[in-house]
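Chain and residue survey
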Amino acid sequence: MPTTNEAPRPGRLRRFVLDRLTDATLLVYFAFALLPVLFIVLLSLKTNAEQTTTHLSFAPTFDNYRSVLGLDDTGSSYLRFFMSSLITSVGAVLVSLAIGIPMAYAAARYRFRRSEDLMFMLLSFRFAPELTVIIPLAVLYQQMGLYDTHVGMIWVLQLVTMPLVVWILRSFFQDMPAELEEAALLDGYTRRQAFFRVALPLVSPGIAAVSLLAFIFAWNNFIFPFTLTSGNAQTVTVSTLAFLGGNQVRFNLVAAGAVMAALPPLILALLIQRYLVRGLSFGAVKS
Amino acid sequence: MSVAVPSSTRTERGSPAPGPDTPRVSRRRRALRPYLLAVPAVLLCVGILYPFFLGASYTLFDFSAQNPDPDMVGAENYTTILTSAAFWNSARVTAIYAIGATVVETVLGVGIALLLNRSTILGRMLERVVIIPLMVAPVVAAIMWRLLLNPEVGWVAPIAGWIGLTHTGTDSPVAAMVWTIVVDVWIFTPFVTVIALAGLSSLPSSPFEAAAVDGAGWWMTFRRLTLPMLWPYLLVAVIFRLMDSVKMFDVIYSLTSGGPGSATTSMSIQAYQEAITYARYSRGLTYMLLLWAVVFVVSMILVRYLRRIQSRAAGV
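Being a predicted model, the structure only gives us computed values, none of them experimental.

**Things to note about the overall build of chain B**
Each helix and strand counted, chain B has 13 helices and two strands in total. Across the 316 residues that make up chain B, the buried fraction comes to 52%. For chain B, the proportion of contacts with a sequence separation of at least 24, taken over those separated by at least 6, is 71%. As displayed, chain B has an accessible area near 14,500 Å², and 65% of this comes from carbon and sulfur atoms.

This is how it looks when you write it as structure tokens:
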């Protein structure tokens, strides 16, 4: 074997070829991942005359967005559905935080009877099919006057967001050294003060991240608003699908609706990319 | 800890509160504190368990729009359903969809993660956009794909035309199943990718250096080192993907509504149709409860296995 200088030459070529092959494979996958997005955006900018053509030369128009938002004379209620999504998602996040933060703290800092069972039950909410409770909920909601109301939607949507909040915040609380709180107690803080002035500020990045993620989960949920609302509290995702059901479908309008329904979660996701893995996997994988 | 990867950080376990407490607070109140903190969450659990058990009890009745005064029928709903062809069809559809989607997503997701992990400029750029499909609501994603597949406005037909395919869309049973899986793969492969990337970045480098010194090839290194060390992470992704696709409703409903015929009628679609479309509430609820039982049992087994693997990986 020659010592060093001769070997790299063929190796370098092979390396170069492999790297370009890697790039090519990645680009193919990303074309698959991003072309549908590009397609829907382009379709949403087409005029009625252009929508059934697939060629790309067109003059982009924002008319579809204006129509969807009801800014012209079509009288679309899309804006109301958008607001409805916003109200119910924010509401669900707030309720989840109010209930979830104490629970997460208790599960991270204390070992008490049934704590693991309770945590496991919350995790099972994440896996259980939402359909299982739809019929009884619909019946109960009709009786209680909660059907098709924002309050009713917030109450069910936080079933989706609460387990997320509890599981992720527990992992944030666990990562925070308990010594910091102990030091605060030695300094004469009460337990409550130690929690509000030391623990809570330290996990606040986690709380911010989990709130945005919970918002995305609530916004993207389909089955609850689909079955438990009709007009008043209907959300954007449901109404976008309903667009497709009409007998005179205007595809460019549907596309504009889809883009608008997809935008808020996408923007928020970019803000919390650092925490996404932990959030999506319920803290089971730490990034 | 049910699924959390054991972390090295010390947490207070075993004893109630850390450190000295204000003397005014009695020992008893201190022991009570975690329960007080958990009360709202417990109430929430009860609040959802009530409708759940209410629904479960309806499965023993014959309750439908035609029969709003339910009669007790015992296990009749279960026997009718478990002996019906529709149930076994939906079970088969669910299995094909869930296993197919999970396998493709895992293989593809890990593959993309390995390619991205080489930290070229292109890789770093693509890493930022990889999650886009995952953040779009599944319904909205399905709508996008319905438009893509639409022969009038979509891009699938012309692209298929270039490579000589004439049959596109979801009008044949096989194509419908394939497209629903493709859409699931489109949305959720990034989920596996981001978790695999997080796992890859946390692997220690010394075993790989040792393997390189020993002259192990790429495949050998992957099979004997990367994959086993990555498995605790991947398993989390597999569990989430499998459970979500077993119960998947949004994508299938908005893409094919279970059709053509019953080619993509999964258990959740079947349950929905029985309960909502035909207003046979008890029948639908029985389907839903069976679906729940499947998800519950499978997730229990998988989560147990995960805990074992993770404690072994943590060296306990």
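**Details of the overall build of chain A**
Helices and strands together make up the secondary structure of chain A, namely 13 helices and zero strands. When the helices and strands of chain A are placed in sequence order, the string is α-α-α-α-α-α-α-α-α-α-α-α-α. The C-alpha atoms of chain A give 25 Å as radius of gyration, which overshoots the globular expectation for 287 residues (19 Å, by more than 25%). With respect to the three principal axes, the spread of C-alpha positions in chain A is 85 × 75 × 35 Å. Counting all 287 residues of chain A, 58% fall into the buried class. Here the contacts in chain A between residues at least 6 apart in sequence split such that 73% fall between residues at least 24 apart. Total accessible area on chain A is roughly 12,400 Å²; 65% of this is exposed by carbon and sulfur atoms. Taken together, the 21 basic and 16 acidic charged side chains of chain A have centroids lying 5 Å from each other.

**Let's talk about the nonpolar core**
Ranked by internal contacts, the top residues of the largest apolar core, which has 193 residues, are Phe173(A), Phe224(A) and Leu147(B). It is helix α8 (residues 173–202) of chain B that provides the largest number of residues to this core, a total of 17 residues. When residues no more than four places from it in sequence are discounted, the contact partners of Phe224(A) are Glu130(A), Val133(A), Ile134(A), Leu137(A), Met153(A), Val156(A), Leu159(A), Val160(A) and Thr229(A).

**A closer look at helix α1 (residues 27–58) of chain B**
Along its 32 residues, α1(B) runs 46 Å from first to last C-alpha, staying within 8% of the 46 Å computed at 1.5 Å per residue. The largest bend in α1(B) amounts to roughly 45° and is located at Val39(B), with the proline Pro40(B) lying one to four residues further along.

**With respect to the interface of chain A and chain B**
Contact with chain A, which involves 101 residues of that partner, is made by 108 residues of chain B. Of the roughly 9,700 Å² buried between chain A and chain B, counting both surfaces, carbon and sulfur atoms make up 76%. Sorting the residues of chain A by area buried against chain B places Tyr29(A), Phe39(A) and Phe127(A) first, and these three jointly supply 8% of that buried surface. Viewed at the interface, chain B and chain A are joined by two salt bridges. Put simply, Arg126(A) and Asp244(B) hold a salt bridge, and the shortest N to O gap is 2.9 Å. For the pair chain A and chain B, the number of links is seven residue pairs in polar contact (both at pLDDT 80 or more).

**Here's the deal with the packing of helix α3 (residues 78–109) of chain A against helix α9 (residues 204–220) of chain A**
All names here are of chain A. Running from N to C, α3 and α9 point in directions that differ by 135°, and their axes come no closer than 9 Å. As summarised for this structure, α3 and α9 are arranged oblique, according to the angle between their axes. Along this stretch, α3 crosses α9, giving a crossing that reads as right-handed. Contact residues: Phe82, Ser85, Leu86, Ser89, Val90, Ala92, Val93, Leu97 and Ile101 in α3; Ile207, Val210, Ser211, Ala214, Phe215, Ala218 and Trp219 in α9. The class makeup of the residues in the contact of α3 with α9 is 13 nonpolar, three polar and no charged.

**Comments concerning the packing of helix α8 (residues 191–202) of chain A against α9(A)**
Residue and element names in this part refer to chain A. With their axes 4 Å apart at the nearest point, α8 and α9 run at an angle of 55° to one another. Taken together, the axis directions place α8 and α9 in an arrangement best described as oblique. Residue-level inspection shows Leu200, Pro201 and Leu202 of α8 in contact with α9, the latter providing Ser204, Pro205 and Ile207. Of the residues in the contact of α8 with α9, the class split is five nonpolar, one polar and no charged.

**Examining the environment of Met83(A)**
Residues and elements named next belong to chain A. As for its placement among the helices and strands, Met83 is situated in helix α3. Given the relative accessible area of 40%, Met83 is considered partly exposed. Sequence separation between Met83 and Leu123 is 40 residues, and the spatial gap between their C-alpha atoms is 30 Å.

**Details of helix α6 (residues 138–149) of chain B**
Residue and element names in this part refer to chain B. For α6, which comprises twelve residues, the first-to-last C-alpha distance of 16 Å matches the rise-based estimate of 16 Å (1.5 Å per residue) to within 8%. Among the twelve residues that make up α6, eleven are buried, leaving the element largely enclosed by the rest of the structure. Inspection of α6 places Pro138, Val139, Val140, Ala141, Ala142, Ile143, Met144, Trp145, Leu147, Leu148 and Leu149 among the buried residues, and these make up the whole buried set.

**Focus on a nonpolar patch on the surface**
A cluster of nonpolar side chains, Leu79(A), Met83(A), Leu86(A), Ile87(A), Val90(A) and Leu94(A), forms an exposed patch at the surface whose accessible area comes to about 490 Å². Mapped onto the elements, Ile87(A) comes out in helix α3.

**Topic: the side chain of Thr132(A)**
Residues and elements named next belong to chain A. Positionally, Thr132 belongs in helix α5 (residues 131–144). Exposure remark for Thr132: the relative accessible area of 4% places this residue in the buried category. Polar side-chain contacts of Thr132 include one of 2.8 Å to the backbone oxygen of Pro129.

**A look at the pattern of salt bridges**
All names here are of chain A. Within the structure shown, the criterion is met by twelve salt bridges over all chains. Across the pair Arg170 and Glu116 runs a salt bridge whose closest N-O atoms are separated by 3.3 Å. Within this pair, whereas Arg170 is found in helix α6 (residues 150–175), its partner Glu116 is found in helix α4 (residues 115–127), the two being separated by 54 residues in sequence. Considered together, Arg170 and Glu116 belong to a single accessibility category, that of buried residues. Residues Asp175 and Arg278 are paired through a salt bridge, measuring 2.5 Å at the closest nitrogen-oxygen approach.

**Description of the confidence of the model for chain B**
Residue and element names in this part refer to chain B. In this model, chain B carries a mean pLDDT of 85, and residues with pLDDT of at least 70 account for 90%. By mean pLDDT, helix α7 (residues 156–162) is the weakest element of chain B at 79, and helix α3 (residues 85–116) is the strongest at 95. Counting contacts from residues 1–20, a segment whose pLDDT is below 50, to residues more than four positions away or on other chains yields 61 contacts. Scoring of the predicted complex yields 0.89 for pTM and 0.89 for ipTM.

**Side note on the side chain of Thr286(B)**
All names here are of chain B. Here Thr286 lies in helix α13 (residues 281–313). For Thr286, a relative accessible area of 0% corresponds to the buried category. In terms of polar contacts, Thr286 uses its side chain to reach the backbone carbonyl oxygen of Ser282, at 2.6 Å. Every residue in contact with Thr286, bar those within four places of it in the chain, is listed here: Thr59, Asn77, Tyr78 and Ile81.

**Looking at the layout of surface pockets**
Each pocket or cavity is described by its volume, and for the largest pocket that value is around 1,100 Å³. Lining the largest pocket are 47 residues, and of these Phe125(A), Arg126(A), Ala128(A), Glu130(A) and Lys247(B) lie nearest its centre. Looking at the lining of the largest pocket, its residues break down into 35 nonpolar, five polar and seven charged. In terms of lining residues, the second largest pocket is bounded by 23 residues, among which Arg15(A), Leu114(B), Arg118(B), Trp218(B) and Thr221(B) are the most central. Of all elements in the fold, only α1 (8–44) of chain A together with α3, α9 (206–213) and α10 (218–246) of chain B reach the threshold of two or more residues within the lining of the second largest pocket. Among the elements that make up the lining of the second largest pocket, the one with the highest residue count is α1(A) (five residues). Counted by class, the lining of the second largest pocket contains twelve nonpolar, seven polar and four charged residues.

The rules behind each value
Residues numbered from 1 in each chain as written. Chains lettered and ligands numbered in written order. Predicted model: local features only at pLDDT ≥ 70, side-chain atom pairs only at ≥ 80, totals over all residues. Heavy atoms only, no water. Helix = DSSP H or I, 4+ residues; strand = E, 2+ residues; numbered from the N terminus. Buried < 20%, exposed > 50% of the residue type's maximum accessible area, 1.4 Å probe, protein only. Contact = heavy atoms within 4.5 Å. Areas by Shrake-Rupley, 256 points an atom, 1.4 Å probe, with all protein chains shown as cover. Rg over C-alpha atoms; globule rule 2.2 N^0.38 Å. Lys, Arg positive; Asp, Glu negative; His and termini not counted. Charge placed at Lys NZ, Arg CZ, Asp CG, Glu CD. Core = buried A, V, L, I, M, F, W, Y, C linked by side-chain atoms within 4.5 Å. Expected span 1.5 Å × (residues − 1). Bend = angle between axes of the 7 residues up to and from the residue. Buried area = accessible area lost by both parts, 1.4 Å probe. Salt bridge = Lys/Arg side-chain N within 4 Å of Asp/Glu carboxyl O. Polar contact = N/O pair within 3.5 Å; in protein donor to acceptor, adjacent residues only side chain to side chain. Axes fitted to C-alpha atoms, helices over the stretch in contact; angles between N-to-C directions. Parallel < 35°, antiparallel > 145°, perpendicular 65-115°, else oblique. Left-handed = near helix turned anticlockwise from the far one by under 90°. Nonpolar A, V, L, I, M, F, W, Y, C, P; charged D, E, K, R; others polar. Patch = residues over 30% accessible without salt bridge, like charges linked within 9 Å, V, L, I, M, F, W, Y side chains within 5 Å. pLDDT = per-residue confidence, 0-100. 1 Å grid on protein atoms, 1.4 Å probe; cavity = no way out; pocket = protein on both sides within 12 Å on 5 of 7 lines; lining within 4 Å. Points joined across faces, edges and corners; volume = space filled by probe spheres on them.

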